[in-house]
Amino acid sequence: QGSDPDDAVVAIAPISWSAARQHLAVLKAPAYRKLAGEGEVASSDGEKIDIAKLVASQSPEEARKVISGLIADEIARVLRLPREDVARTVPLAEIGLDSLMAVELALGLEERFVLDAPLTATASTFSVNELADHIIGLATGSVSEDEAITRQMIQRHLGDGAAAEAASNDADFQQAAEAVRARSRTMKGILD
């Protein structure tokens, strides 16, 4: 079965060869190089961004704006939306990013920003701007993965004022983190 030429099937379909190349290793072979057009090859590789260099060469606000824009581009690609429709302050889960899309987004961002630390599945709870801050913290080594998530939870559950205070020193951070954990335990008790 399968060796008879009569078993062959011809299909006509629009194919993004650059996307297929990312998921099918055989398409990376030189024999398949001409399957993608010039523009498609360039867009599949995407410009790799060194976050640490970007942050060092620009003001924090400018770097955050650039990174937020690139994240919005990647989200628009994953959700197949116009870039303008990607809200910057709404959690990604609320704009339609499910768990599988979150994995695709995380992999795309890890590759684009050449991140050593993997993005967590909780990235869908971040907004675009929060995700930009999270990625900057990871890339520059100023924030660990756990600390970044804790800060995001502090901001979400205790408000911006508590997050700003927590950022000021370690004692405030630990106190705010414990407050978030206490609220979490209370909510778990209510739901049980």
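Everything discussed here concerns the structure shown above.
Counting restarts for each chain, with residues numbered from 1 along the sequence as it is written. Local features in a predicted model are, by the rule used here, given only for residues with pLDDT of at least 70; side-chain atom pairs are given and counted only at 80 or more, and totals for whole chains, interfaces and linings are based on all residues. For side-chain calculations, the full set of non-hydrogen atoms in the structure is used, while hydrogens and water are omitted.

A. The packing of helix α4 (residues 60-79) against helix α5 (residues 99-112), seen in detail. Between N-to-C directions, angles cover 0 to 180 degrees, with each direction set by a line fitted to C-alpha atoms, over the stretch in contact for helices. A run of H or I in DSSP counts as a helix once it spans at least four residues, and a run of E counts as a strand once it spans at least two, with each numbered from the N terminus. Put simply, α4 and α5 touch, their axes get as near as 10 Å, and they point 140 degrees apart. With respect to α5, the axis of α4 lies oblique. When you trace α4 past α5, the crossing you get is right-handed. On the side of α4, the interface is formed by L70, I71, E74, I75, R77, V78 and L79, while α5 contributes M101, E104, L105, G108, L109 and R112. For the contact of α4 with α5, the residue count by class is 8 nonpolar, 1 polar and 4 charged. Throughout, the term roughly parallel applies to angles under 35 degrees, roughly antiparallel to angles over 145, roughly perpendicular to angles from 65 to 115, and oblique to all others. Each crossing is labelled by how the near helix is turned from the far one, with a counterclockwise turn of less than a right angle marking it left-handed and a clockwise turn marking it right-handed. Throughout, a contact is declared for two residues whenever any of their heavy atoms are within 4.5 Å. Each residue is assigned to one of three groups, with Ala, Val, Leu, Ile, Met, Phe, Trp, Tyr, Cys and Pro labelled nonpolar, Asp, Glu, Lys and Arg labelled charged, and all others, Gly among them, labelled polar.

B. Molecular detail of the pattern of salt bridges. Basic side-chain nitrogens of Lys or Arg form a salt bridge, by our definition, when they fall within 4 Å of a carboxyl oxygen of Asp or Glu. Per the counting criterion, the structure on display carries 5 salt bridges. Ionic pairing is found between E111 and K48, a salt bridge with its closest N-O pair at 3.3 Å. Within this pair, whereas E111 is found in helix α5, its partner K48 is found in the loop between α2 (38-45) and α3 (51-57), the two being separated by 63 residues in sequence. Using a relative accessible area of 42% as the deciding quantity, one classes E111 as partly exposed. According to the relative accessible area criterion, K48 is partly exposed, its value standing at 42%. The salt bridge partner of D133 is R64, with a shortest N-O separation of 2.8 Å. Linking D133 in helix α6 (residues 128-140) with R64 in helix α4, this pair joins segments that are 69 residues apart in sequence. According to the relative accessible area criterion, D133 is partly exposed, its value standing at 38%. In this scheme, a residue with accessible area under 20% of its type's maximum is buried, one over 50% is exposed, and one in between is partly exposed, where area comes from a 1.4 Å probe on protein chains only.

C. Here's a closer look at α4. Helix span, as expected, comes to 1.5 Å for every residue beyond the first. With 20 residues, α4 extends 28 Å between its outermost C-alpha atoms, agreeing within 8% with the 28 Å of an ideal straight helix rising 1.5 Å per residue. Along α4, the positions that sit buried rather than exposed are A63, I67, S68, G69, L70, I71, A72, E74, I75, A76, V78 and L79. Residues of α4 that are buried in the fold lie against α3, α5 and α6. Backbone geometry just downstream of α4 places R80 in the positive-phi region, at approximately 55 degrees.

D. Quick peek at the side chain of S68. Locating S68 in the fold gives a position in helix α4. Ignoring anything within four residues of it in the chain, the contact list for S68 reads R88, V128, N129 and A132.

E. The arrangement of the environment of R21 in detail. By the element assignment, R21 lies in helix α1 (residues 17-23). Counting along the chain gives 11 residues from R21 to Y32, while the straight-line C-alpha distance between them is 9.2 Å.

F. A nonpolar patch on the surface, seen in detail. Candidates for patches are residues over 30% relative accessible area with no salt bridge; among them, like charges are joined within 9 Å and nonpolar side chains (Val, Leu, Ile, Met, Phe, Trp, Tyr) within 5 Å. For every accessible area listed, the method is Shrake-Rupley and the probe measures 1.4 Å; residues are considered covered only by the protein chains on display. Together, L24, V26 and Y32 give the surface a local cluster of nonpolar side chains, amounting to about 270 Å² of exposed area. Checked against the element boundaries, Y32 lands in the loop between α1 and α2.

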